[in-house]
Every structure is written in structure tokens, then in C-alpha cells.
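Structural description and commentary
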Amino acid sequence: ISCVSWLYQKIEDSFFLVIGTKTCGYFLQNAMGVMIFSEPRYAMAELEEGDISAKLNDYEELKRLCLQIKKDRNPSVIFWIGTCTTEIIKMDLEGIAPKLEAEIKITIVVARANGLDYAFTQGEDTVLAAMAQRCPEYKEKAISLSGDPKEETKHPPLILFGSLPDPVANQLIFELKKQGIKVSGWLPSKRYTELPAISEGNYVCGVNPFLSRTATTLMRRRRTKLIGAPFPIGPDGTRAWIEKICSVFGIQPVGLEEREKQIWESLEGYLKLIANKSVFFMGDNLLEISLARFLIRCGMVVHEIGIPYMDKRYQGGELLLLEKTCQEMGVSIPSIVEKPDNYKQLERIRTLQPDLVITGMAHANPLEARGINTK
Ligand code: SF4
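Since we're looking at a predicted model, the values are computed, not measured.

**Describing helix α11 (residues 234-248)**
Taking 1.5 Å per residue as the helical rise, α11 with its 15 residues ought to reach 21 Å, and the 21 Å between its terminal C-alpha atoms agrees with that figure. When we look at burial in α11, the residues that qualify are Pro235, Asp236, Gly237, Thr238, Ala240, Trp241, Ile242, Ile245 and Cys246. Buried residues along α11 sit against β5 (158-161), α9 (166-178), β7 (203-206), α12 (256-266), α14 (288-297) and α15 (316-329). In the segment just after α11, Gly250 is the residue with positive phi, at about 65 degrees.

So this is what it looks like as C-alpha cells:
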């Protein structure tokens, strides 16, 4: 459910209602840090005894809360985030939402981002997968798009998915534009009302490694074609990502090699610092493969890549690039540990004594106290 904290900022006209217990509330309250004091557009619908034993009516309770949200904040969409509790008591959020949506005239999107099934960033995946089904068909938007003849492109529409801060997103759009590729839409958009139009046969490409459900939804439900590229993390990844998109559209990329070289040169000071140092990823956010690949290219030695969940198909391009990078740098491919056991990892860390451990806050200070650098 932590995805709420970055998604409500990304989608400006949204409101996130997390339907769970005080456990979830405490977690968000702490994880969001100072943001909690900035009147965030999220709230908990805290379940009570009466909800759990079905003495209260779910529909009426949710209606009351959503009406209040509508009155106070007037969002374009309310996301209902299901949690462990709603799963276990089998609260039928997907069933209630359409009825309530029709009754109180506000869009409700349901995403199950609970701790039973998913880890951390995968929460965004469930939200985007739910949003992908709400994107309008291309035809409806054709009128506004055809207005500008200069916008004519030589390739089929390309829609990117994955939430990024606006400056980063704009940078990627700009990089693609240099190759003559136009980004027709981005999921999620800045506002829910501006969701990109998607229709059969469009191309989609992910920018984050944790979006496998969204990718599957876009392919199966929306009949789009997925461009399976490595992810634009690090200059090497960004170049490979652009190259892959170009190759799918039959475009010869220009100036990418130069561009990558320039960036590596600007990083020289940092590269000297980390060359030949070793790193251990404990694994908690699914960015690990891409980061490890980037750090190997930087000259680091990777002992272990822990990762909560590994979708070999969606991350296929990234895995190939990791392999290639290892070959080129003359190192063996590090072991990838899915669903790692932190306890055993600590034993391995003790033996290996890596120069850097990339880990969560639970282990960071204890490791530092034992003389191991952490990030
Ligand atoms: S793991 Fe489950 S109970 Fe805990 S915060 Fe996440 S959704 Fe709530």
C-alpha cells in the first residue's frame, strides 16, 4: 500500500482510500514521513469489529466515506486500495465499486495492493493494471489528435507505462523525440481525466521493472504489443531501452553511442570511487536487476541480487543485458535470489564482508554498527 504515497502526488486529481486496519494506517503514517502533515489526498477506511463480523453494511459504510471525500476534496477518481484484511474477510470491493460509482457519480478504481500477495513497488503495478482497463479507446480521442498535422508520425502509437517524476518523464520523451519517436500517451497521466487512449495494436513499453501485471493487462485485455526492453536505468540501460524501441519501429538510432559516452565521462569521479568495490543487494523493491546491471557496468562486483519477485518474461530484456554486461566486463553472473531469507542473507553478508549492502532501514543501522556500509 505504500505506492499510495507517490501515486497520489503523481495523479493530481486522485484520492486514495485504503480499506484496512490500524496496522496499515500506522505503516503509512510512518512510512510517509513529513508528507503526512501536508494534507495528503489519501485516507484510511479503518475497519471495525462490526465490519469484520458483517454487522455493518460494507456498501453503506463505503458510500458514507466516499460522499464525504467527494464533498471535501472533489477528486476525479477515488482509488480503493484493498489490504490483507479485505482479502481475508473477502470483502467484495470489485462488486461494490460499480454500483456505488453509478449511485454517487464518481469514478472508483479498485486495486488490491496487499501484503499477502505483493511487495512494495508491486503496489503501483496493481494500481496501473486497474487503470489500464479504464483507458479510453483510441477512436474517441482521434478528433483532438488529428488537429495538428505536424503530429503525424511514421510509426504506430506508442504508450509508455510506469509512474516517474515529471522532469524524468519529460527527459525520456525528449530523448525518444530526438530519434523521431513520438510518445502518444503515458500511464499514469498527470490527471486521471487525461488517461491515454489505447487501442488494439498499439505499442506499449514499460519504464519500471516491477510492472509485469500492467504489462500483462495491456497485452491480454487491451490487445497491445509489448516492447520488451531493458529499463532506462543508468546510461547503458537508457541507451538499450531507446535502441530496442527504435528497432521495433525500424528506425536507425542516431548519436546514442556518443550520448552514452558523454554521460559516462561526466560520472568519472564517482566511477573511480566505486571501481572494484563489492555490493550485496538484499532485495525489496524489484529494481535490483537493473541496478546491479548498471553497477557491474560501473566496475563493481555484485555478490548477490536479492529480489522479492522475478518475472523472467517481463524482465527478459533486462536479464539479457545483465548477461551481456557481465560478459563484457569479464565477471561471472551474480546469483539472483528470489524471495530471499533475510536471516540467511545476514550470514552470507557476515562471511562475504561486502563493501556496500543495499538494504532497508531495518538492517541498515545494525549493519553499520558492525562496520558494514549500507545504502
Ligand atoms: S501488509 Fe497487509 S496489514 Fe500490513 S500494512 Fe500492508 S496491507 Fe496492511
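Further notes follow.
**Topic: the sheet that holds strand β3 (residues 77-82)**
Here four strands make up an open sheet; going across it, the order is β2-β1-β3-β4 and the pairing parallel. Only two strands of the sheet have a single partner each, and these edge strands are β2 (42-46) and β4 (107-112). Neighbour-to-neighbour, the strand axes of this sheet turn through a mean angle of 25 degrees, independent of strand direction. Bridging between strand β1 (residues 14-20) and β2 involves five bridges; their strand directions are parallel. Within β2, the position partnered with Val18 by the bridge is Met44. Against the sheet, helix α6 (residues 93-104) touches β1, β3 and β4, its axis set at about 170 degrees to β4.

**What to know about the side chain of Ser163**
Locating Ser163 in the fold gives a position in the loop between β5 and α9. Once residues within four sequence positions are removed from consideration, Ser163 is found in contact with Trp6, Leu7, Lys10, Glu124, Leu128, Pro188 and Asn208.

**Examining a negative patch on the surface**
A grouping of Glu257, Glu258, Glu265 and Glu268 is seen on the molecular surface, where their side chains present a negatively charged patch. Here the negative patch gets three residues from one element, more than from any other, and that element is α12. Note on placement: Glu257 falls in helix α12.

**Side note on the sheet that holds β5**
Strand order in this open sheet of four strands is β6-β5-β7-β8, and the pairing throughout is parallel. Both edges of this open sheet fall to β6 (183-187) and β8 (225-226), since each of them pairs with a single strand only. Relative to β6, β5 runs parallel, the two sharing four bridges. Residue pairing in the sheet places Leu158 in a bridge with Val183 of β6. Sheet strands touched by α9: β5 and β6. Its angle to β6, the strand with the most contacts, is close to 155 degrees.

**Notes on the packing of helix α4 (residues 58-73) against α6**
Contact pair α4 / α6: the axes reach a minimum separation of 10 Å and the direction vectors enclose 50 degrees. What the angle tells us is that α4 and α6 run oblique. Once α4 is placed against α6, the crossing between them reads as right-handed. When α4 is examined against α6, the residues Asp58, Tyr59, Leu62, Lys63, Cys66, Leu67 and Lys70 are found in contact with a partner set consisting of Leu93, Ile96, Lys99, Leu100, Glu103 and Ile104. When its residues are assigned to classes, the contact of α4 with α6 shows eight nonpolar, no polar and five charged.

**As for the nonpolar core**
Core analysis: the largest hydrophobic core is formed by 58 residues, its most contacted members being Phe16, Phe79, Ile81, Val127 and Met131. Residues within four places of Phe16 in sequence aside, it is in contact with Val4, Leu7, Tyr8, Arg41, Tyr42, Ala43, Phe79, Ile81 and Val127.

**Overview of the domain arrangement of the protein chain**
Many structure descriptions define interface size as the accessible area lost when the parts assemble. Partitioning the protein chain into domains gives domain 1 (3-117), domain 2 (158-249) and domain 3 (275-369). Each of domain 1 and domain 3 has a C-alpha centre, and these two points are 35 Å apart.

Rules behind the numbers
Residues numbered from 1 in each chain as written. Predicted model: local features only at pLDDT ≥ 70, side-chain atom pairs only at ≥ 80, totals over all residues. Heavy atoms only, no water. Helix = DSSP H or I, 4+ residues; strand = E, 2+ residues; numbered from the N terminus. Expected span 1.5 Å × (residues − 1). Buried < 20%, exposed > 50% of the residue type's maximum accessible area, 1.4 Å probe, protein only. Contact = heavy atoms within 4.5 Å. Pairing = 2+ DSSP bridges. Axes fitted to C-alpha atoms, helices over the stretch in contact; angles between N-to-C directions. Patch = residues over 30% accessible without salt bridge, like charges linked within 9 Å, V, L, I, M, F, W, Y side chains within 5 Å. Areas by Shrake-Rupley, 256 points an atom, 1.4 Å probe, with all protein chains shown as cover. Salt bridge = Lys/Arg side-chain N within 4 Å of Asp/Glu carboxyl O. Lys, Arg positive; Asp, Glu negative; His and termini not counted. Charge placed at Lys NZ, Arg CZ, Asp CG, Glu CD. Parallel < 35°, antiparallel > 145°, perpendicular 65-115°, else oblique. Left-handed = near helix turned anticlockwise from the far one by under 90°. Nonpolar A, V, L, I, M, F, W, Y, C, P; charged D, E, K, R; others polar. Core = buried A, V, L, I, M, F, W, Y, C linked by side-chain atoms within 4.5 Å. Domains from an automatic or database assignment.

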